[in-house]
Amino acid sequence: MNVKEGKKLMDEREETETLDPWFEKELVCPRDKSDLTKKGSELVCGNGHSYPIVNGIPVMLYMDERPTMPKAFQYTISLAKQAVEGELNPQKSYSGIHPFVQHNLTTTCGKRLFARSKGKLTSYPIPPIPLPPAKYKGQEMIDIGCNWGRWSIAAARKGYVPLGIDPMLEAVLAARDVTREMGLPARFVCGDARHLPFRDGRFEVAHSYSVFQHFHKDNAKLAIAEAGRVLKAGGTCLIQMTAKYGLLALWRKTWYAFRFGLGDPGGFEVRHWSAGEIRKFFGRVIGPTKVFVDGYFTILPEPGDLKLLAPRHRALMRMSAAGRSLSRVFPPLIHVADSLYALSSKPPAR
């Protein structure tokens, strides 16, 4: 290795080891919730658990138990190991829309809905997030399962400083790139929704969209309870779930029965929750919960995406929006929705 190559490697390692001081102060070990200390390119707790830092992103994953997304966990841990050993290639520059977003649009926003726009985006599809504006400048919120940061960006535009967490390192790096490109304040970390690396009561607002619905219900319940744990007393939690009796749900359950049998489908497939089931469980582990309609006929019904869709999908979106409006004046329609929001309030401290 010549001097020039050595300097380049040192510069890359220095970037890898750089860490926002906020993380050093606020992160805890996801296993035992103990404090962490930065040692070189890792964060280490008093019990010897270590977590690598990759290009400034803490990777707080571990494989002590079966992961919710085995391939994503394994790939992230493999990339992190390469980074610590100095073998990870630096990120390539790009122009226009981030290549990760272009290539993974259908995975994050809907395979059928966005098929025609994959690789052809000219702007980022950022939906309006149904949260009130931030109460004050710099109000922090956690976005669980952020992927490339779609909802984190939506929150930042309302004045929040989002902390996005996701097990996919490539997605988190993309999220950081895109928010920087937009000049928005945001932080990102790799982690497991079932074991959030934060102390109890850390955030005033928690959010998650199209994430917990994919977990086996036991894992979903762990993750929902974790969202409640890191929420401050008096805080707000907004989580989207897939409903049980909508037309899409009935079609999917028929297809699953044909494909997987009558048991749980396994893997990162969609599970369905009734409004009563959502209200009861969220109410128990977080606090009083209201359930309202997100949409019909699809689980990603964002009107702002119309220009990216085929004509038949635009019609579905318009029908979904009409159904959502009608459900506000005729609440029983909630029971035949395909996508629901759970809005929970954690009781104030006594």
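Residues numbered from 1 in each chain as written. Predicted model: local features only at pLDDT ≥ 70, side-chain atom pairs only at ≥ 80, totals over all residues. Heavy atoms only, no water.

Quick look at the overall build of the chain now. The secondary structure content of the chain amounts to 10 helices and 11 strands. Across its three principal directions, the C-alpha atoms of the chain cover 70 × 50 × 45 Å. A buried classification covers 52% of the 350 residues belonging to the chain. Contacts in the chain between residues far apart in sequence, at least 24 positions, make up 72% of those at least 6 positions apart. (Helix = DSSP H or I, 4+ residues; strand = E, 2+ residues; numbered from the N terminus. Buried < 20%, exposed > 50% of the residue type's maximum accessible area, 1.4 Å probe, protein only. Contact = heavy atoms within 4.5 Å.)

Moving on to unusual backbone geometry. The phi angle at K33 is positive, at roughly 60°, despite the residue not being glycine. A positive phi angle, near 55°, is found at S210, a position not held by glycine. Looking at the secondary structure, you find S210 in the loop between β8 (203-208) and α7 (217-229).

Here α7 contains 13 residues, and its C-alpha end-to-end distance of 18 Å stays within 8% of the 18 Å for a straight helix at 1.5 Å per residue. Those residues of α7 that sit buried are N219, A220, A223, I224, E226, A227, G228 and R229. Those residues of α7 hidden inside the fold are in contact with β5 (140-144), β8, β9 (231-242) and α9 (275-285). (Expected span 1.5 Å × (residues − 1).)

So, on to the state of the cysteines. Each disulfide consists of one covalent bond between the sulfur atoms belonging to two cysteines. All told, the structure shown has 0 disulfides when counted by the stated rule. With no disulfide partner, C146 has as its closest neighbouring cysteine sulfur the one in C190, 8.3 Å distant. (Disulfide = S-S within 2.5 Å.)

It is worth spelling out a nonpolar patch on the surface at this point. A cluster of nonpolar side chains, namely Y245, L247 and L250, defines an oily patch on the protein surface of about 320 Å² accessible area. Within the element layout of this structure, L247 appears in helix α8 (residues 247-260). For L247, a relative accessible area of 59% gives the class exposed. (Patch = residues over 30% accessible without salt bridge, like charges linked within 9 Å, V, L, I, M, F, W, Y side chains within 5 Å. Areas by Shrake-Rupley, 256 points an atom, 1.4 Å probe, with all protein chains shown as cover. Salt bridge = Lys/Arg side-chain N within 4 Å of Asp/Glu carboxyl O.)

For helix α4 (residues 99-109), the set of buried residues is F100, V101, Q102, L105, T106, T108 and C109. Next to the buried residues of α4 lie α5 (150-156) and α6 (169-182). Within two residues after α4, G110 carries a phi angle of roughly 125°, on the positive side.

Below, the discussion takes up the sheet that holds β9. Judged by pairing direction, the sheet is mixed, and its 7 strands sit side by side in the order β7-β6-β5-β8-β9-β11-β10 without closing on themselves. The outermost strands of the open sheet, each flanked by one partner alone, are β7 (187-190) and β10 (289-295). Across this sheet, the average inter-strand angle for adjacent strands is 20°, counted without regard to direction. Where α7 meets the sheet, its contacts fall on β5, β8 and β9, and the angle it forms with β9 comes to roughly 150°. Against the sheet, α9 engages β9, β10 and β11 (339-345), with an angle of about 140° to β10. (Pairing = 2+ DSSP bridges. Axes fitted to C-alpha atoms, helices over the stretch in contact; angles between N-to-C directions.)

The subject of this paragraph is the pattern of salt bridges. Tallied over the full model, the rule gives 11 salt bridges. One salt bridge in this structure joins E140 and R202, with 2.6 Å as the shortest N-O distance. Highlighted residues: E140 in strand β5 and R202 in the loop between β7 and β8, separated in sequence by 62 residues. You'll find E140 and R202 in the same group, each marked buried. A salt bridge links E277 to K217; the shortest N-O distance between them is 2.9 Å. With a gap of 60 residues between them, E277 in helix α9 and K217 in helix α7 connect regions that are remote in the sequence. One network of salt bridges, in which partners are shared, links D20, E26, E140, R187 and R202.

The biggest cluster of nonpolar side chains holds 49 residues, and the ones touching the most others in it are I142, L163, F198, F212 and L340. With sequence-adjacent residues up to four places away left out, I142 is seen in contact with L163, I165, L196, F198, F203, V205, A206, H207 and V230. Within the second largest apolar cluster, 33 residues are counted, among which are I126, V205, L238 and L306. (Core = buried A, V, L, I, M, F, W, Y, C linked by side-chain atoms within 4.5 Å.)

One open sheet holds the 4 strands; their spatial order is β1-β2-β3-β4, and the pairing between them is antiparallel. The open sheet terminates on both sides in strands that have one partner only, identified here as β1 (36-39) and β4 (57-58). Across 4 bridges, the pairing between β1 and strand β2 (residues 42-45) is antiparallel. By the bridge assignment, L36 is partnered in β2 with C45.

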